[in-house]
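Commentary on secondary and tertiary structure
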Amino acid sequence: MKSLPAFLILMLFLSMNSNPASGQEIKVKVRQGVPEYPSAFCFRPDGEQLVVLGLDKIVFFNSRTGLEEHTIDSLEKKFPGFFPKMISFTADGKLLYALGDLAKVVWWHADTYRVSHSRLEDPTEVIEPYGAFEKHFIYLNKGEVNQRLFFASAHDGHTLHMTNMGVLKESSRYLMPGIQPYIDNEGMFMIDPDNTLYDLKKAATINIADILKQHWSTTKLAVSGKKQLLAIAHTKMLTKGGQEYIPQPGNQAEIIRKRTSGEFLIRNDVDIVDIRTKQVVCSFAAEGLCLNDCHNEATMLAFSPDGNFLLYGSKTSLKVWDLEKKLLQYELPEGIDVNTKPEFSSNGRLFAVLNQGRLSVYDLQTGIETTSIGTFQPVLYNSKLASFDEQAGILTIRNGKEGIIKHLDLNQNAIALEKKSPFSDPEFSYKEVIKYSKLPNPVKIDTSQFSTYFIKNMIIDNIVAKTKDHFMVLRRFNWLKATVDTLITCRVPKDFNMLTRKAYNADSSMLAIDDNDYVGVFNLRSHKFIFGAAVPKVANYIFSDKSCYLFVLDTEGKIRMFDCLTGRMLCEIFQFGEKGSLLISGNNYWANSEAIQYSSFQYRNRSYLFEQFDKRFNRPDIILQQVRPSNTSLISAYKRTYQLRNPGHASAQESPFSLPSVKIIGEAAIPHLTSDPLLKFSIEIDGHTDVIQKVLVYANGVPVREIVINKPMHKTMLHLNPLSLASGKNRIKILAFDRSGIASPAEELFISYHPLKPQKRQVFLALIGIDTYEHFPALPGTEASLDSVAAHLKKRLGDSVTLKIREIKGKVVNRANFVLLKEFFSEATTDDVVILFISGHGLLSLKENEFYFATPNAQISGSISGIPFSEIYSMFGTLESRNRLFFIDACFSGKNAGSSDPLVKEAYTLLNAQFTDTEERNGVYVISASSGENTALGNSAGGLLSQAVIATIDEQTHMNSDKLSGAILSYFEKFREFNLPVPELKHSNIYHSFSIW
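About the thresholds
Residues numbered from 1 in each chain as written. Predicted model: local features only at pLDDT ≥ 70, side-chain atom pairs only at ≥ 80, totals over all residues. Heavy atoms only, no water. Helix = DSSP H or I, 4+ residues; strand = E, 2+ residues; numbered from the N terminus. Contact = heavy atoms within 4.5 Å. Areas by Shrake-Rupley, 256 points an atom, 1.4 Å probe, with all protein chains shown as cover. Axes fitted to C-alpha atoms, helices over the stretch in contact; angles between N-to-C directions. Parallel < 35°, antiparallel > 145°, perpendicular 65-115°, else oblique. Left-handed = near helix turned anticlockwise from the far one by under 90°. Salt bridge = Lys/Arg side-chain N within 4 Å of Asp/Glu carboxyl O. Buried < 20%, exposed > 50% of the residue type's maximum accessible area, 1.4 Å probe, protein only. Pairing = 2+ DSSP bridges. Phe/Tyr/Trp six-rings, centres within 6.5 Å; stacked < 30°, edge-to-face > 60°. Core = buried A, V, L, I, M, F, W, Y, C linked by side-chain atoms within 4.5 Å. Arc of directions from axis to C-beta. Expected span 1.5 Å × (residues − 1). pLDDT = per-residue confidence, 0-100. Lys, Arg positive; Asp, Glu negative; His and termini not counted.

Section: the overall build of the chain
A count of helical and extended segments in the chain gives 15 helices and 70 strands. Long-range pairs, those at least 24 residues apart, make up 57% of the contacts in the chain with a sequence separation of at least 6. As presented, the chain carries roughly 44,900 Å² of accessible surface, and 51% of it is formed by carbon and sulfur atoms.

This is the structure:
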């Protein structure tokens, strides 16, 4: 889709206007993503969840969708002195436990996330975690004289047995605390940093010295307890004649000189050794030959839980070998964080690795990335709130380090202005301890219990004090004599510690204070405590200019907005820099822009990321009515926007809400890797409170099946007709729809198809152009530019791809001949590419809200003579090809409001600017020359879009569908100063990227 400006998402708790049933079920939440510093991660035994340990929290992600389902935060506060290093589940998956230093352990119930039990007492000696497993975990004591490994039960932490490492190792060598060893998935074998192999169950050292001597440069070791195999990654130096050169041991300077001299070829190999026989079972050339030591040695080596696969990571890639077939299964691209050991699900079907700051989950057999979890850290954690203008609705935020000022417009949900501040943000504090006090009615005050802070504000000076049980605000009029005439007091909320910060409103009539985790607000005129709110990790806060609102920023970058009269939290604001902003509050209704990538929806304790929630409950008109009721024109525009987005469903939010479900039968038996071009499977569908009317099946984002249930029913089983697979990766998605149009959460299959005999790929190119128009003789022709597109594409494809071309030009361009294109494209198979390029003139029917491609006899008056976009677009839905591309070089070919009413146009502008709809359509990439409101430009060489496509073909050696629109837009950068209409990505397929050339 086209890039959008940054906008806000807003959802308010509106119990007085909402359906209680739906409001209690649906919640919108910010996707917090991978913690900034993940120290450990693991799968739940059933593979359904991936759990990540951060600095002070544990986050549970759905391993299919990548959405977080729960967070256990503030670990340091809840468990003082407990600093977890490792996490794991027990074998039954019922408990998650975290290991910290000094043998401290905490267990949580995996289903409820509540603490089950803990062992937090200090041990008699200093020990630290060394490995976490489903059945037990291992600790190492830090003593150097008598090192021991402690094996403890994963359920209760009781010691099972100990292994005396001092007996197993030479007296001068010790295990290194803080340097993690390699321990196999069963906890049977361990390799320490000195490359010593231990049998942990027998408490014995396994002598592999003779094996390692055969490899003069061992870089990594891995061991499989299941298969009793040892993997050794090592470097070889080969002469140009192919002979191995083995340097003399100990002469490191000579080795470095030889490796960098260019005399030898460097190769990195892996040997698989049977631990019992000490014999090499097989060997792999992990990295190809290179000169001058390309440093592609192994930085990660790991066996799958069953020992059937070996993962090898270097700085360039991650390779996976099938050890049974002794073949390279697949290779993952550059960018994998190969210095982190991967984690596997217990069934061995999934593994997770850190990938350029993202946590990526892959299907082990196919290498398909099932999900990727990014970092959604707001950028406000190093900022400060500056002011809020109630009349304008503008919140000003100042970045203290960079001097950036942001103005967030809460009316338009946009960043109104961002500029560099010419002044630094001054910070100052002044503290004074009260030594005595005089009150109208003398009160004895124990000043030793005070935690005091004061600020001088013109005439009035206030001292905020806290005793064990009370807040006190003392108003002092005579500064020199230090007399106090007013005392405001209230009870300290539970868990309130010492005072940390304070803030006054404009006239010093209101005061806010906090203790890092709680904010309290006083009215200094009425001498009353107004409200208090729990806010973890407070950073700073401000009052609005008219004192109606209090904004509180926490250290994680979240802003909370409170109503100062009621104490009710109105919203939460998250700012993601150039990527956009979110503003969320309560449940049931929200308003969003690009929130689909930053938020998820929780329904019945599960998180989802799909559009029906957003379309159904996204009501910016209702929200603005509550926040700024005076802005009636914008409220009306938002309401029209909602109706445009949901035609015929203006009251959808009032109806009951229930999700249907779909389940793949026998999913475990469906192969992830196959040479069979057809996939057969059955599904079970359940409408729960409604009946199922249809089922849609998508393959790589392209609709391939629509099954209409003739006799709608609540629950049934369907046997689907065989589904054709595309070569390579296939992402199969199944959705069930009830009669209200509500879709089920998607069930997905990931299958990699490798045909026994690869087929030569074909590209089907259809060109439609017109040189002469009967009623518009002055309009330029487009046939020559299309000929140029075909010629340049043919040259780029060369002989590696078969290019088939069908042309419809001049007077024969009509609806009847266009239908014949369907026969041409129907020859394309699943792996072929189909491209339709139409270039000419477009007409817009506001009555039908439809774009027409003008035929040679088209005229403006009377009925429009042309080919409607809907007819062209629907043709793609019947094709077998999964790789679909459609260019429209014509006026008014992009998105349009479908109305001349300026109010509707305004609503449509808001719709395109503030909402990102991602529902799957025909899986076609549609690139139009202009928006639906603009003409497309051209010259004697043809339309600008055609010229941009030709330039892209000439300049780009390789091009994928998801990068094409960006490459074309870059061509238009040269015309920026002329403010010309630019192309628009009208439709896209976010689930599939294919190679065009």
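Quick notes on the packing of helix α14 (residues 944-955) against helix α15 (residues 961-971)
It is the contact of α14 with α15, at a shortest axis distance of 9 Å, that shows an interaxial angle of 110 degrees. What the angle tells us is that α14 and α15 run roughly perpendicular. The chirality of how α14 crosses α15 is right-handed. Contacts from L944, L945, Q947, A948, V949, A951 and T952 in α14 reach L964, A967, I968 and Y971 in α15.

Remarks on the pattern of salt bridges
Summed over all chains, the structure comprises 18 salt bridges. With its nearest N and O atoms 2.1 Å apart, the salt bridge here joins D787 to K809. Placement of D787 in helix α9 (residues 783-797) and of K809 in strand β61 (residues 802-809) is noted, with a sequence separation of 22 residues between them. When its relative accessible area of 17% is taken as the criterion, K809 is described as buried.

Some points on the sheet that holds strand β26 (residues 327-332)
One open sheet accounts for 4 strands, arranged β23-β24-β25-β26; its pairing is antiparallel. Single-partner strands in this sheet number two, and they are β23 (300-303) and β26. The mean inter-strand angle of the sheet, taken between neighbouring strand axes irrespective of direction, is 20 degrees.

Quick word on the packing of aromatic side chains
One pass over the full model with this rule turns up 22 aromatic pairs. Taking the centre distance of 6.0 Å and the plane angle of 80 degrees together, the rings of F79 and F82 count as edge-to-face. Of the two residues, F79 and F82, neither departs from the other in class, the shared state being buried. Look at F351 and Y362: their rings are 5.5 Å apart centre to centre, the planes differ by 25 degrees, and that puts the pair in the stacked class.

Considering the nonpolar core
Membership of the largest hydrophobic core comes to 45 residues, with the highest contact counts inside it found for V270, I272, F303, L310 and F351. Here the element with the most residues in this core is strand β19 (residues 229-238); it accounts for 5 residues. Those residues within four positions of F351 in sequence are excluded, and the remaining contacts are F43, L311, Y330, L332, P342, E343, F344, S360, V361, Y362, D363 and L364. Grouped together as the second largest cluster of nonpolar side chains are 34 residues, I968, Y971, F972 and F994 included.

A look at unusual backbone geometry
Of note in this structure, L102 is not a glycine but carries a positive phi near 60 degrees. With respect to the secondary-structure elements, L102 resides in the loop between β7 (95-100) and β8 (105-109). Non-glycine residue Q228 carries a positive phi angle of around 55 degrees. Counting through the fold element by element, Q228 comes out in the loop between β18 (218-224) and β19.

Let's talk about the pairing of strand β25 (residues 318-322)
Counting buried positions along β25 gives 5 out of 5 residues, so the element sits mostly inside the fold. Of the two faces of β25, the one carrying L318, V320 and D322 and the one carrying K319 and W321 are both buried. In the sheet, strand β24 (residues 309-313) pairs with β25 via 5 bridges, with the strands oriented antiparallel. Pairing of L310 across the sheet is with W321, part of β25. Connecting the antiparallel pair β24 and β25 is a turn made up of 4 residues. The pairing of β25 with β26 spans 5 bridges and is antiparallel. Bridge pairing links D322 to L327 in β26.

A short note on the sheet that holds strand β27 (residues 343-344)
Strand order in the open sheet made by the 4 strands is β27-β28-β29-β30, with antiparallel pairing throughout. Both outer strands of the open sheet, β27 and β30 (369-373), are each paired with one neighbouring strand and no more. Judged from the 6 bridges that link them, strand β28 (residues 350-355) and strand β29 (residues 358-363) form a sheet pairing that is antiparallel. For A352, the partnering residue across the bridge sits in β29 and is V361.

A word on the side chain of S965
Among the structural elements, S965 can be located in helix α15. Accessibility expressed as a relative area gives 18% for S965, which makes it buried.

Examining helix α12 (residues 869-876)
Burial in α12 covers these residues: F869, I872, Y873, M875 and F876. Buried residues of α12 fall within an arc of 150 degrees about the axis and therefore sit on the same side.

Let's talk about α14
Taking 1.5 Å per residue, 12 residues should reach 16 Å; α14 reaches 16 Å between its end C-alpha atoms and fits that length. Across the 12 residues that make up α14, a large majority, 10, are buried. Among the residues making up α14, those that are buried are L944, L945, S946, Q947, A948, V949, I950, A951, T952 and I953.

Some thoughts on the confidence of the model for the chain
Do not read the predicted coordinates in detail wherever pLDDT is low. In this model, the chain carries an average pLDDT of 76, and 73% of its residues clear a pLDDT of 70 or more. Looking over the chain, one finds the lowest element-wise mean pLDDT in strand β35 (residues 453-457), namely 33, and the highest in β8, namely 95. Considering only residues more than four positions removed or in separate chains, one finds that residues 476-484, a stretch of pLDDT under 50, has 25 contacts.

Some details on the environment of A726
Mapping A726 onto the fold places it in the loop between β57 (723-724) and β58 (728-738). You can call A726 buried: its relative accessible area is 6%. Considering only alpha carbons, one finds A726 and T829, 103 residues apart in sequence, at a separation of 9.0 Å. For A726, the contacting residues outside a window of four places in its chain are N700, Y753, T830, D831 and R882.

Here's the deal with the packing of α9 against α14
Look at α9 against α14: their axes get within 9 Å of each other, and the N-to-C directions meet at 15 degrees. When the interaxial angle is binned, α9 and α14 end up roughly parallel. The two elements α9 and α14 meet at a crossing, and its hand is left-handed. Facing α9, whose interface residues are S785, S788, V789, H792, L793 and R796, α14 presents S946, I950, I953, D954 and E955.

So, the side chain of E783
Turning to its location among the elements, E783 is positioned in helix α9. The buried charged residue E783 lacks any salt bridge partner; its closest oppositely charged side chain belongs to K809, at an N-O distance of 5.2 Å.

Details of the environment of L678
With respect to the helices and strands, L678 occurs in strand β52 (residues 678-679). For L678, a relative accessible area of 39% translates into the label partly exposed. Remark: the alpha-carbon pair of L678 and N721, spanning 43 residues in sequence, is separated by 9.4 Å. In this structure L678 touches P722, L723 and S724, once residues within four positions along its chain are discounted.

Things to note about the pairing of strand β40 (residues 510-514)
Among the 5 residues that make up β40, 5 are buried, leaving the element largely enclosed by the rest of the structure. The alternating pattern of β40 places M510, A512 and D514 on one face and L511 and I513 on the opposite face, and all of these are buried. Summarising the sheet, strand β39 (residues 501-504) and β40 pair through 4 bridges and their orientation is antiparallel. Looking at β40, one finds that A503 is bridged to A512. Connecting β40 to the next strand, strand β41 (residues 518-523), in antiparallel fashion are 3 residues, including N516 with a positive phi near 85 degrees.

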